[in-house]
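Next come the chains, spelled out residue by residue.
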Amino acid sequence: MSMSKLVYFFGKGKAEGTGTMKYLLGGKGAGLAEMTNIGIPVPPGFSITTEACIYYYKNNKQYPDGLQEQMNENLKKLEDLMGKKLGDHHDPLLVSVRSGAKISMPGMMDTVLNLGLNNETVKGLAIKTNNERFAHDAYRRFIQMFSNVVLGVKHSDFEFILDEVKHDEGVTLDNELSTEALRNVVARYLRMLREVERIDFPQDPRQQLKMAIDAVFESWDSPRAVTYRKLYDIPDSLGTAVNVQTMVFGNMGEDCATGVAFTRNPSTGERVFYGEYLTNAQGEDVVAGIRTPRPIMYLNDEMPEAYAQLTDIYNTLENHYKDMQDIEFTIENKRLFMLQTRTGKRTAAAAIKVAVDMVEEGLITKEQALLRVDPAQLDQLLHPHIDPRAKIEVMAAGLNASPGAVSGSVVFSADDACSWAEQGKKVILVRKETSPDDIHGMAVAMGILTAHGGMTSHAAVVARGMGKSCVAGCEAIRVDEANKRFTVGNHVILEGDIITIDGSSGKVILGKAPTIEAEMTPEGITLLGWADGIRKLRIRANADDPEASRKAREFGAEGIGLCRTEHMFFAEDRLPIMQEMILAENEVERRKALDKLLPMQRGDFYEMLKAMEGLPVTIRLLDPPLHEFLPKYEDLLVEITRLEITSENKSLRLRESGLYGVIETTKQNVTDEDTKKLAEKKKLLHKVENLRELNPMLGLRGCRLGISYPEITEMQARAIIQAACDLTKDGLKVLPEIMVPLVSTVAELKTQKELIQKTAEEVFEEKGIRVDYLIGTMIELPRAAITADKIVAEAEFFSFGTNDLTQTTFGFSRDDAEGKFLDHYVETGLLAKNPFEVLDRDGVGELVKIGTEKGRSIKPDLKVGICGEHGGNPSSIEFCHMIGLNYVSCSPYRVPIARLAAAQAVLK
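The present account deals with the structure reproduced in this document.

Conventions we followed
- Residues numbered from 1 in each chain as written.
- Predicted model: local features only at pLDDT ≥ 70, side-chain atom pairs only at ≥ 80, totals over all residues.
- Heavy atoms only, no water.
- Helix = DSSP H or I, 4+ residues; strand = E, 2+ residues; numbered from the N terminus.
- Buried < 20%, exposed > 50% of the residue type's maximum accessible area, 1.4 Å probe, protein only.
- Areas by Shrake-Rupley, 256 points an atom, 1.4 Å probe, with all protein chains shown as cover.
- Lys, Arg positive; Asp, Glu negative; His and termini not counted.
- Charge placed at Lys NZ, Arg CZ, Asp CG, Glu CD.
- Pairing = 2+ DSSP bridges.
- Contact = heavy atoms within 4.5 Å.
- Axes fitted to C-alpha atoms, helices over the stretch in contact; angles between N-to-C directions.
- Phe/Tyr/Trp six-rings, centres within 6.5 Å; stacked < 30°, edge-to-face > 60°.
- Lys NZ or Arg CZ within 6 Å of the ring centre and 35° of its normal.
- Core = buried A, V, L, I, M, F, W, Y, C linked by side-chain atoms within 4.5 Å.
- Arc of directions from axis to C-beta.
- Polar contact = N/O pair within 3.5 Å; in protein donor to acceptor, adjacent residues only side chain to side chain.
- Right-handed = clockwise from strand over helix to strand, strands pointing away.
- Expected span 1.5 Å × (residues − 1).
- Parallel < 35°, antiparallel > 145°, perpendicular 65-115°, else oblique.
- Left-handed = near helix turned anticlockwise from the far one by under 90°.
- Nonpolar A, V, L, I, M, F, W, Y, C, P; charged D, E, K, R; others polar.
- Salt bridge = Lys/Arg side-chain N within 4 Å of Asp/Glu carboxyl O.

To continue, consider the overall build of the chain. In terms of regular secondary structure, the chain is built from 34 helices and 32 strands. Over its C-alpha atoms, taken along the principal directions, the chain stretches across nearly 100 × 85 × 55 Å. Buried positions account for 55% of the 908 residues belonging to the chain. Of the accessible surface of the chain, which amounts to about 38,200 Å², a share of 50% is contributed by carbon and sulfur atoms. Considering the chain, the positive charge centre built from 109 side chains and the negative charge centre built from 132 side chains are found 2 Å apart.

Turning our attention to the sheet that holds strand S7 (residues 257–262). Adjacent strands of a sheet form backbone hydrogen bonds with each other and so pair up, either parallel or antiparallel. Spatially, S9-S8-S7-S10-S11 is the arrangement adopted by the five strands of the open sheet, whose pairing is antiparallel. Edge positions in the open sheet fall to strand S9 (294–295) and strand S11 (335–343), since each of these has one partner strand only. Direction of pairing for S7 relative to strand S10 (residues 325–332): antiparallel, over a ladder of six bridges. Counted as the bridge partner of Val 260 is Glu 328 from S10.

Another aspect to go through is the sheet that holds strand S3 (residues 45–48). The strand order across the open sheet formed by six strands is S2-S1-S3-S6-S4-S5, and the pairing between neighbours is antiparallel. If you trace the sheet from one side to the other, it starts and ends with strand S2 (14–15) and strand S5 (111–115), each paired once. In the packing of helix H3 (residues 67–82) onto the sheet, the strands contacted are strand S1 (7–11), S3, strand S4 (95–101) and strand S6 (240–246), and the crossing angle to S1 comes to about 10°.

This next bit is on the packing of aromatic side chains. Enumeration over the complete set of coordinates arrives at 18 aromatic pairs. Ring centres 5.3 Å apart and planes at 75° place the aromatic pair Phe 812 and Phe 821 in the edge-to-face group. Its relative accessible area of 28% is what places Phe 821 among the partly exposed residues. Members of the aromatic cluster, connected to one another through ring pairs, are Tyr 56, Tyr 57, Tyr 63 and Phe 217. Residue placement shows Arg 540 over the ring face of Tyr 887; its charged tip is 4.1 Å from the ring centre.

Moving on, we get to the pairing of strand S21 (residues 491–494). One face of the sheet, then the other: side chains in a regular strand alternate in exactly this way. When strand S20 (residues 485–488) meets S21, the two strands line up antiparallel, connected through four bridges. Across the sheet, the residue bridging to Phe 486 is Ile 493, located in S21.

To continue, consider the environment of Leu 190. Take Leu 190: it is sitting in helix H7 (residues 179–195). For the pair Leu 190 and Ile 143, spaced 47 residues apart in sequence, the C-alpha separation works out to 7.9 Å. Setting aside its immediate chain neighbours within four residues, Leu 190 contacts Asn 119, Tyr 139, Ile 143 and Phe 201.

What follows deals with the nonpolar core. If you look at the biggest cluster of nonpolar residues, it comprises 216 residues, and the most contacted ones within it are Ile 48 and Ile 213. In terms of residue count, helix H25 (residues 710–729) provides more of this core than any other element does, 10 residues in total. Setting aside chain neighbours within four positions, we find Ile 48 in contact with Leu 6, Val 7, Leu 67, Met 71, Ile 213, Phe 217, Ala 241 and Val 242. Judged by nonpolar contacts, the second largest core, of 29 residues, contains Met 21, Val 42, Tyr 314 and Leu 317.

A few words now on helix H33 (residues 874–882). Those residues of H33 that fall on the buried side of the exposure criterion are Ser 876, Ile 877, Phe 879 and Cys 880. The arc that holds the buried residues of H33, viewed along the axis, is 160°, so those residues lie on one side. Buried residues in H33 make contact with helix H32 (841–858), strand S31 (863–866), strand S32 (887–890) and helix H34 (895–907). The residue sitting at the N-terminus of H33 and contributing the capping side-chain oxygen is Asn 873; that oxygen lies 3.2 Å from the backbone nitrogen of Ser 875.

Position of Val 150 relative to the elements: it lies in the loop between helix H5 (132–149) and helix H6 (155–169). Considered as a pair, Val 150 and Val 112 are 38 residues apart in the sequence and their alpha carbons are 8.6 Å apart. Every residue in contact with Val 150, bar those within four places of it in the chain, is listed here: Val 112, Met 145, Met 211, Ala 212 and Ala 215.

Looking now at the pairing of strand S26 (residues 560–564). Burial runs high along S26: four of the five residues are buried. Two strands pair when backbone bridges link them, and strand S25 (residues 538–542) and S26 are joined in this way by two bridges, in the parallel orientation. What sits directly across from Ala 541, in S26, is Ile 560. The handedness of the S25 to S26 crossover, carried by helix H19 (residues 546–554), is right-handed.

Take H34 next. For an α-helix the count is 3.6 residues per turn, leaving residues at separations of three or four pointing the same way. With 13 residues, H34 extends 19 Å from end C-alpha to end C-alpha; this agrees with the ideal 18 Å at 1.5 Å per step. Burial within H34 is extensive, with 11 of its 13 residues counted as buried. Taken residue by residue, H34 has Val 895, Pro 896, Ile 897, Ala 898, Arg 899, Leu 900, Ala 901, Ala 902, Ala 903, Gln 904 and Ala 905 as its buried positions. On its buried side, H34 packs onto helix H14 (366–372), helix H18 (522–534), S25, H33 and S32.

Moving on: the side chain of Asp 174. Tracing the chain through its elements places Asp 174 in the loop between H6 and H7. A polar atom in the side chain of Asp 174 sits 2.8 Å from the side chain of Lys 166.

Bringing the packing of H33 against H34 into the picture now. Where H33 contacts H34, the axes come no closer than 9 Å and their chain directions differ by 50°. Judged on the interaxial angle alone, H34 and H33 are oblique. Every pair of crossing elements has a handedness; the one defined by H33 and H34 is right-handed. Facing Pro 874, Ile 877, Glu 878 and His 881 of H33, the residues of H34 in contact are Ile 897, Ala 898, Ala 901, Ala 902, Ala 905 and Val 906. A class-by-class count of the residues in the contact of H33 with H34 yields eight nonpolar, one polar and one charged.

The residue Glu 711 is located in helix H25 in this model. According to the relative accessible area criterion, Glu 711 is buried, its value standing at 3%. Residue contacts for Glu 711: discarding those within four places in its chain leaves Glu 587, Arg 590, Arg 591 and Leu 594.

So, about the pattern of salt bridges. Side chains carrying opposite charge are able to pair once their charged atoms draw close together. With the rule as written, the count across this model stands at 63 salt bridges. In this structure, Glu 328 engages Arg 98 in a salt bridge whose closest nitrogen and oxygen atoms are separated by 3.8 Å. Highlighted residues: Glu 328 in strand S10 and Arg 98 in strand S4, separated in sequence by 230 residues. Accessibility assignment for this pair places Glu 328 and Arg 98 in one class, buried.

Here we come to unusual backbone geometry. For Lys 12, which is not a glycine, the phi torsion comes out positive at approximately 55°. Its location among the elements puts Lys 12 in the loop between S1 and S2. Its relative accessible area of 58% is what places Lys 12 among the exposed residues. Backbone geometry places Arg 198, a non-glycine residue, at a positive phi of 60°. With respect to the helices and strands, Arg 198 occurs in the loop between H7 and helix H8 (205–219).

Turning our attention to the packing of helix H13 (residues 348–360) against H18. For any two helices packed against each other, the geometry is given by the interaxial angle and the distance between the axes. Packing of H13 against H18 brings their axes to within 9 Å, and their N-to-C directions diverge by 70°. Taken as axis vectors, H13 and H18 run roughly perpendicular relative to one another. Between H13 and H18 the crossing geometry is left-handed. Contacts from Ile 352, Lys 353, Val 356 and Val 359 in H13 reach Glu 523, Gly 524, Thr 526, Leu 527 and Trp 530 in H18. By residue class, the composition of the contact of H13 with H18 is five nonpolar, two polar and two charged.

Set out below in structure tokens:
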């Protein structure tokens, strides 16, 4: 197959590509092209398109026809432009080979620097630059990087040799090694490859280039890249571009440097030039954490002309792109070159502040600002922070790389983080420095602590993107990964010990520190205010107690979309009464127990409605099967067996003692007590046996429970209406909405509705006051959605319970599916997403659409919403907007996410 243009050149003020071609050139290639076109100094090179990568994977890892020829043509063009040739023994052209996907994936794919060096060209480089030390430093870096990335040799094998040579030389840093020592390192590297790995290091630069390009293509499918794409919902089909670019060197001496910077602070969003650099270093030194870099402001003291030029360029770039930029630069003999510009990764607080500030600066519109912030990022704003009143023991302090205070058990490897997390344990991943291979452990950890590395290190950048707390560059700690411990001062922290890290301040604290909830920033309030002015969907919250209701209102909820009354019965003082009601032999006994629960329920509803004064509160009647309030069948069997054995043993011991007659009375008391307890347990077991169901999700629950035991519905309706009447008498406006769950026929809803109305009338008579209330239903069965035009005759509102609707539409038991096969379905592409996390538009979504349309065909003004977990998912919210729902309901902490997502749904 022949593909037209697969390689795009850039250099000397002119590029064949533009900044709008990210889909083809990747973010890095598009940025290099755009910078070249607007006159920014960029080392020349060429970009191989993402189409070549896509073809490579679809065609048994073969290049498309014409690619090799186009690469050769562009390499020749580059050699002519630079006046150097790849592989020339006297003045060799050296290049870097870097990845660059459409969507930034920092550190996830591979890079090779100094390509073109071999045993001969290194001599030419030394003579041409008059810097033998630099030439051998570049060669040892190339051998190590190429061998690791392309040949698959472990990085640690080279580090071991390097550390030995540094020890022999009596130095601690790489840049302190002498020329002779670096020659020794190169020789030992090559010998290790030959004797241990049985690899002759490739000496042909064109072969090196072909192998490096293949390796970058291969890295698109590496485990860490695949994991990253899953975490950030990046399609596997995009592919990566490959950028081949002339090398410029930051490691030629003290008038050279390399650095990474952001046009604004990526943690706070503050409008300051923010970054780090190292003199006499190459790019990987800054992010690898081997040497701790210096803040960018000090560059003004060391190289003022380069710093002034860098400041002009970053202002130019930010004004050009109208967004915060993440830039990489190298200074070679005081001459500045730009190696990258891309939209900078940032924390939620920074994203919001940058967006709001740029509106105020006149750079972007409010609508653009709203689209700049990923709704999922808002979770970060809600991270807790250390209670300032708490007494804490700060062991050390590092860099405040990513905000939030978290506690957890210390682990020292990504694999251990995953295994501990699978056991339900909260962990802090502690490393000397992280690498892209740690991505899976970082994803499950509560936070990350590193001994080395700066604010632009791998740990810092990835943690900010994930919304994880991170303290980086905590040089005071000594990490012993092999023995799973770290020391700081007099403290020795072992695997499993609990620490707290505060990514907002950089503090590392012994033990679990008390935290308090975060509050929305002023810029966040401003941004969400703009969102509220644009969105059409109303946002409610799922809340089951007054505290959650107040928190929801604080976050901007416009009502309660789901109050699950069953959660109120699990309280320690209520569960025994609930069990008494379930164990009752007849209606009279049941009503006695329900009479005890009535004032408790009334108090619950009073506080809930009061907390949401003036806003609607949808209260779902009791939904789960009754056996959920009783002990498990298996646990009861064990308890009964234990009691029977204990009772027999007591009797045996009494008979064998010579005091049998003396303690006959005591024996009788013990036996009577045991017998009574045993009888109670057996009675409970009998009831549990009667209530056991093969498939309880589809059994006696929801409205079926209220129809079988109408006194339960009656008690709950009475408690709701009584609370509403009492609050109305107190002068408060309340809007209760009573929701009947799991309806499949209109007859079921009619039966329950009539009982609720009858009970309400009785309460109005007793209280001498009337209140407005609604009766509606939860649509969570396919039949209910399909017959919604019938059910709506008895309903004043619909609320789609998308959790159960997903289960009943797919025929999935969620607990079983997620634990056994659903992950496999998503990983293998049988399902694009977990349908319990992202609403299945084609199936479940279609039922929601059908149910809404059928209901409104009879009652055009029917209020319709959803109250499953999908109510806080941006994709699902967008769908709800598209089909014209009135509201979504989600957990209190996702209310801000839903508010922004609903506005974005309008703008998109």
